[in-house]
Amino acid sequence: MAVFLRRIITCFSLCVLVISCEYATTNKSELDERQILNTISDRLYAGIVELDTSRLPRSVEGGKVRFTSPGSWTSGFFPGILWMMASYEPTKKWSDKARKYTELLENVKYETGHHDLGFMLYNSYGRGYSATNNPAYREVLFTGAASLASRYDTLMGAIKSWDRPGKWQYPVIIDNMINLEFLLWVSKESGDSTYMDIAISHADETLKNHFRPDYSSYHVVDYDTVTGEPVWRGTHQGLSDSSDWARGQAWGLYGYTMMYRETGHVRYLNQAKSIAQYLLDHSNMPEDLIPYWDLKDPEIPNTHRDVSAAAIIASALLELSDYVKDNQQLTYLTAGRKILTNLDRLYTYENDDIRLFYLDQSVGSKPKNGEVGVPVIYADYYFVEALMRSLERQ
Ligand code: GLY
């Protein structure tokens, strides 16, 4: 009897061992976030010491670094990366650099001619304020949020993205979802609920008007300024008005995940889950999960990938995994980490003369043939953010 019992116990232990090994294998990530972040840190710092402190890197074109003015939508990403490095390796060398590049953007707080202030100020001053509590940074953020909110109109219930009279009346682009995080932060920090109300109204209008039944999104929706209703839906950076511009899909996923975090409204979580499913199940999504620049480009597979879209999707999926359970959680975590692993393996920028950029192969604007198949700063920003999110979730 004792022998029989021992055999049963042995057999049971073996089964437990096999099941746990299998579980470990399916959960095992080949991703070594620290090793990648350490490499980025070494490379980037070596690049920065050679850099003029008044220049903000934006991309590489024709083998040369292209810099941006503080007034461009991309200006906040480089300081944002430096603040993330300062949080990963809390040393004065990073915070000194982060501070210098952030402060180049101060006058952006007065910008009322476009909607990109969240990209610019929240990524730079916002990260800087959370690292330093510097009251001067808080003032920049508050003034900047008032400038952004000045572009909101109650009739449309949304923030106007661009001023293009003659072409559009009141264009709102899907990218604008990202600026809402800035308004939500200022609302919490100041206690002024107006900013929260604007962000929620904008997110609701976008949810209603930008999405197709399959949860893909239009890039641009133009609103009639008399009726407040959409009059045109199309694209500016995608292949066609009915196509699926990859970075636009990524902004939608990231934006609704963030809106759920900040408001707790389940409609935003459902939207983010539906966008995630649409992306992960897309028949043109490649095996490595690095999307083509437009998911409906008929040239696929002989067209460009967009690494920036992949990095944004990875960062969003890692956050979204916190808000779901079981298989769905594993699906998002696995997909997010798979993207990061593949970006690091297959899409790094191999140029020892230019060390300010880590990832290659993004697409800025293919219709304008601008920054196509090159490193762009926002790909690195979301890559670093996603690596840190992945580390936090181990
Ligand atoms: N406007 C932001 C982008 O090009 O994705």
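Look up: the structure comes first, before these words.
Read on for an overview of the structure. Not measured: the values here are computed from a predicted model.

What follows deals with the side chain of R212. Summarising the element assignment, R212 is placed in the loop between α8 (193-209) and β6 (220-223). At 3.2 Å, the side chain of R212 and the backbone oxygen of D241 are in polar contact. Setting aside chain neighbours within four positions, we find R212 in contact with S217, Y218, D241, S242, S243 and D244.

So, on to the site of the ligand. The ligand sits among W73, D175, Q237, W245, R247 and W251. Between the ligand and W251, the relevant distance is 2.9 Å, taken from an oxygen atom to a side-chain nitrogen or oxygen of the residue. Calculation on the ligand without its partners gives an accessible area of 200 Å², and the protein chains cover 94% of this total.

Glancing now at the packing of aromatic side chains. In the structure shown here, the tally under the stated rule is 26 aromatic pairs. Between the aromatic rings of Y170 and Y223, the centroid separation amounts to 6.4 Å while the plane-to-plane angle is 85°, which identifies the pairing as edge-to-face. Here Y170 is found in the loop between β4 (158-159) and β5 (171-173), whereas its partner Y223 is found in strand β6, with 53 residues between them in sequence. Ring geometry for W251 versus Y382: centroids 5.6 Å apart, planes at 70°, classification edge-to-face. With W251 in helix α9 (residues 246-263) and Y382 in helix α13 (residues 377-392), this residue pair connects regions lying 131 residues apart in the sequence. Both residues of the pair, W251 and Y382, count as buried. Three or more aromatic residues joined by ring pairs form one cluster here, namely W73, F77, F119, W251, Y254, Y378, Y381 and Y382. Across from the ring centre of W162, 4.7 Å away, lies the NZ or CZ of R164, which sits over that ring. Taking the ring centre of Y292 as reference, the NZ or CZ of R305 above it sits at 4.7 Å.

Basis of the calculations
Residues numbered from 1 in each chain as written. Predicted model: local features only at pLDDT ≥ 70, side-chain atom pairs only at ≥ 80, totals over all residues. Heavy atoms only, no water. Helix = DSSP H or I, 4+ residues; strand = E, 2+ residues; numbered from the N terminus. Polar contact = N/O pair within 3.5 Å; in protein donor to acceptor, adjacent residues only side chain to side chain. Contact = heavy atoms within 4.5 Å. Near = heavy atom within 4 Å. Areas by Shrake-Rupley, 256 points an atom, 1.4 Å probe, with all protein chains shown as cover. Phe/Tyr/Trp six-rings, centres within 6.5 Å; stacked < 30°, edge-to-face > 60°. Buried < 20%, exposed > 50% of the residue type's maximum accessible area, 1.4 Å probe, protein only. Lys NZ or Arg CZ within 6 Å of the ring centre and 35° of its normal.

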